[in-house]
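Observations on the three-dimensional arrangement
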Amino acid sequence: MEPLLDFLGHYWWLVFPLSGVIGGWSQAWSKASERRHQRKLELYRLKNQALSAEKVHENDVASLMSAHDAVNGRWLEYELDVGKLIDFPVMTDVREPLTVAFLRAKRDADGLRPSSQSDILSKSRLDEYRAAVRSFEVAFDVAEREARRIRHSNFSAGERHRLATARKLLRIAEDEAATPAERQTAYKRARHELEGLIVLPDATRAALEEKVARMLGTGSSTATRP
């Protein structure tokens, strides 16, 4: 102990430069600690921002599902109305690239559609579904415009006559003023005229047969009997 006290007694003046050095170290350590604290706060803030950006709001999902339903509804107008398909046959013609494109886009959108609004939890999943719905919407718009532009121009004069005849026969088949026998005959003749000209989707054919059968006051088997 005495050697230490003797050293301090002779070299007491070292206290001043050492205290400066120690003070500098302390200040540097304090600043480093503050920087580490600020970095932690920044990382925490960025993490919260990322989580917030990734959060999916059910209203966004509901809006997309409504848009999806709207396009499906527009397609359903063709699928359940033979008269409309006769007027715009390209909408079911799978030989047309634009028709194939919209049917493929519909399949993709339907495949990504959630069962409920709460099924989509991540933003990436929502973005994927949004892109599919938008593609479906655009593809359908393009196909519909083309169908309305072309109408019956792809058919020969004889085929156009058959389409016009089928259209008139379907009006008779759906006319409440016609007798059951007239409706039944008109329906069968319309089916015959459309044979080989227009591909009727199963849903279209089923809807028409059910409508005619209902007007005839019988089951659907009556309308479908050859």
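Use the structure listed above.
Residues numbered from 1 in each chain as written. Predicted model: local features only at pLDDT ≥ 70, side-chain atom pairs only at ≥ 80, totals over all residues. Heavy atoms only, no water.

**A few points about the pattern of salt bridges**
This is how the line gets drawn: Here, a salt bridge means any Lys or Arg side-chain nitrogen found within 4 Å of an Asp or Glu carboxyl oxygen. Numbering of helices and strands starts at the N terminus; helices are DSSP runs of H or I of at least 4 residues and strands are runs of E of at least 2. Classification of residues uses two cut-offs on accessible area relative to the type maximum, computed with a 1.4 Å probe and protein chains only: under 20% is buried, over 50% is exposed, and between them is partly exposed.
One pass over the full model with this rule turns up 13 salt bridges. Close ionic contact of R167 with D87 constitutes a salt bridge, the shortest N to O distance being 3.2 Å. Of this pair, R167 sits in helix α7 (residues 157-173) while D87 sits in helix α4 (residues 82-87), and the two are 80 residues apart along the sequence. Among the residues examined, R167 registers a relative accessible area of 22% and is labelled partly exposed.

**Some thoughts on the nonpolar core**
Basically, it comes down to this: As used in this record, nonpolar core signifies buried Ala, Val, Leu, Ile, Met, Phe, Trp, Tyr and Cys residues forming a set joined through side-chain atoms within 4.5 Å. For this analysis, residues touch if any pair of their heavy atoms sits within 4.5 Å.
By size, the foremost hydrophobic cluster in this structure holds 34 residues, and its most contacted members are I86, M91, F102 and L194. Broken down by secondary-structure element, the contributors of at least two residues to this core are α3 (58-79), α4, α5 (97-112), α6 (123-150), α7, α8 (180-194) and α9 (202-216). With seven residues, the single largest contributor to this core is α6. Residue contacts for M91: discarding those within four places in its chain leaves W75, Y78, L85, T99, F102, F140, A143, E144 and A147. Residues V61, M65, A67 and V133 belong to the second largest nonpolar core, which totals nine residues.

**Observations concerning the environment of D93**
Note the cut-off: Polar contacts, as used here, are pairs of N or O atoms within 3.5 Å; protein pairs need one atom able to donate a hydrogen and one able to accept it. Residues neighboring in sequence count only if both atoms are side-chain atoms.
Inspection of the secondary structure assignment puts D93 in the loop between α4 and α5. Sequence separation between D93 and V199 is 106 residues; the distance between their C-alpha atoms is 6.9 Å. Within the local environment of D93, its side chain forms a polar contact with the side chain of R95, the two groups lying 2.9 Å apart.

**Remarks on the layout of surface pockets**
For clarity, the threshold we go by: Of the two site types, the cavity is a set of points on a 1 Å grid over the protein atoms alone where a 1.4 Å probe fits but cannot get out, and the pocket is an open set with protein on both sides within 12 Å along at least five of seven lines, each lined by residues with an atom within 4 Å of a point. Grid points are joined across faces, edges and corners, and a volume is the space filled by probe spheres set on the points. Side-chain classes follow a simple rule in which Ala, Val, Leu, Ile, Met, Phe, Trp, Tyr, Cys and Pro form the nonpolar group, Asp, Glu, Lys and Arg form the charged group, and the remainder, Gly included, forms the polar group.
The volume enclosed by the largest pocket comes to roughly 150 Å³. The set of elements that each furnish at least two residues to the lining of the largest pocket consists of α4, α7 and α9. Looking at the lining of the largest pocket residue by residue, the class counts come to five nonpolar, one polar and six charged.

**Quick look at the environment of E146**
When you line up the elements, E146 lands in helix α6. For the pair E146 and V90, spaced 56 residues apart in the sequence, the C-alpha separation amounts to 8.0 Å. Looking at E146, its side chain comes within polar contact range of the side chain of R149, at 2.6 Å.

**Thoughts on the packing of α5 against α6**
What counts here: Axes here mean lines fitted to C-alpha atoms, for a helix over just the part in contact, with angles spanning 0 to 180 degrees between N-to-C directions. The labels follow the angle: roughly parallel below 35 degrees, roughly antiparallel above 145, roughly perpendicular from 65 to 115, and oblique for the rest. Working rule for handedness: look at the near helix, and if it is turned counterclockwise from the far one by less than a right angle, call the crossing left-handed; if clockwise, right-handed.
Where α5 contacts α6, the two axes come as close as 8 Å, and the packing angle between them is 155°. The orientation of α5 relative to α6 falls into the category roughly antiparallel. Crossing geometry of α5 relative to α6 is assigned as left-handed. On α6, the residues that touch L98, A101, F102, A105, K106, D108, A109 and L112 of α5 are R125, E128, Y129, A132, V133, S135, F136, A139, F140, V142, A143 and E146.

**Side note on the side chain of T204**
Locating T204 in the fold gives a position in helix α9. With a relative accessible area of 0%, T204 lands in the buried category. Not counting the four nearest positions on each side in its chain, T204 is found in contact with Y78, E79, L80, D81, V82 and L85.

**Considerations on a positive patch on the surface**
Selection rule: Think of a patch as exposed residues, more than 30% relative accessible area, with no salt bridge, where like charges cluster within 9 Å and nonpolar side chains (Val, Leu, Ile, Met, Phe, Trp, Tyr) cluster within 5 Å. Where accessible areas are quoted, they stem from the Shrake-Rupley method and a 1.4 Å probe; at the residue level, only the protein chains shown are allowed to cover. In this count, Lys and Arg are taken as positive residues and Asp and Glu as negative ones, while His and the chain termini are left out. For the purpose of locating charges, the reference atoms are NZ of Lys, CZ of Arg, CG of Asp and CD of Glu.
A contiguous patch of positive charge, built from K31, R35, R36 and R39, is present on the exposed surface. Of note, R35 is situated in helix α2 (residues 15-54). Its relative accessible area of 49% is what places R35 among the partly exposed residues.

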